[in-house]
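Next come the chains, spelled out residue by residue.
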Amino acid sequence: SELRAAAANLPVQPNDLASLDSAVEETQSWASKAQTLLSMSPVGDLEQAEELLEEGLDLPTQCPEVDILDQAVENAKVWAEEAAAADAGNAELATLRELLETGEAMPVGTEELEMLRARIRVRQWSDPARAVSVGKSPLEEVREFVAAGTAIIEGNSSNGGGGGGTKAAGGSGNNKKVNAAAAAAAAVVAAAAAAFATAV
């Protein structure tokens, strides 16, 4: 390396050069891990990124990837707060879609990504489904909404809220959010099914 070449002309001991080599090798190894995480598809996991960042902050030499990863972690946390607030505030479906697009484009993701995907799946179905009522909608349309809602619920149950590049750790909270989204769909499905049953 350039550092070692420059040090070769200085009055340093061989063990000093060995220490320098070790420090450079450690930094390069960490930088490779950081680059791999930041280029993952789907996005890298926040918990994993935080652990790697802690290691990077203790490196014996400066490394530009430390600042890049630090900013990515901070951006992920800010996005997660925005996503949770939008979901809790029953934001417009278009707003949720925009947030999801932003989150999926980030190099580091959080469990809120899968929560938001589940919420959008439910809202894409439940928002128009609320308008379905016997006497205003054809029975075949009611049937289709019931079938689609059931598929959403079954899909969420089989997925368990996982995926999206996130780890199982911390997944219990994510599962609760996804299951809450499924429960919202279930309520609308039940209403549509009841209306359908009454009409036939």
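Refer to the preceding data block for the structure.
*Asks:* Talk me through the pattern of salt bridges; I want residue IDs and the actual numbers.
*Replies:* Here the structure, examined in full by the defined rule, presents five salt bridges. Among the salt bridges present, the one from Arg117 reaches Glu104, with a minimum N-O distance of 3.1 Å. Here Arg117, found in helix 6 (residues 112–129), pairs with Glu104, found in helix 5 (residues 93–105); they are 13 residues apart in sequence, far enough to count as distant. Assessed through its relative accessible area of 40%, Glu104 is described here as partly exposed. With its nearest N and O atoms 3.8 Å apart, the salt bridge here joins Glu114 to Arg121.

*Asks:* For the side chain of Glu65, give the residues involved together with the corresponding values.
*Replies:* Its location among the elements puts Glu65 in helix 4 (residues 64–88). Here Glu65 is buried and forms no salt bridge, its nearest opposite-charge partner Lys33 lying at an N-O distance of 14 Å. Residue contacts for Glu65: discarding those within four places in its chain leaves Trp30, Ala31, Ala34 and Gln35.

*Asks:* Any details on the nonpolar core? Residues and values, ideally.
*Replies:* Residues Trp30, Leu69, Trp79, Val108 and Leu116 are the most contacted members of the largest nonpolar core, which totals 30 residues. Elements supplying a minimum of two residues to this core: helix 2 (14–38), helix 3 (46–57), helix 4, helix 5 and helix 6. For this core, the element with the most residues is helix 4, which contributes nine residues. Excluding anything up to four places from it in sequence, Leu116 contacts Trp79, Ala83, Leu96, Leu99 and Leu100.

Definitions and cut-offs
- Residues numbered from 1 in each chain as written.
- Predicted model: local features only at pLDDT ≥ 70, side-chain atom pairs only at ≥ 80, totals over all residues.
- Heavy atoms only, no water.
- Salt bridge = Lys/Arg side-chain N within 4 Å of Asp/Glu carboxyl O.
- Helix = DSSP H or I, 4+ residues; strand = E, 2+ residues; numbered from the N terminus.
- Buried < 20%, exposed > 50% of the residue type's maximum accessible area, 1.4 Å probe, protein only.
- Lys, Arg positive; Asp, Glu negative; His and termini not counted.
- Contact = heavy atoms within 4.5 Å.
- Core = buried A, V, L, I, M, F, W, Y, C linked by side-chain atoms within 4.5 Å.

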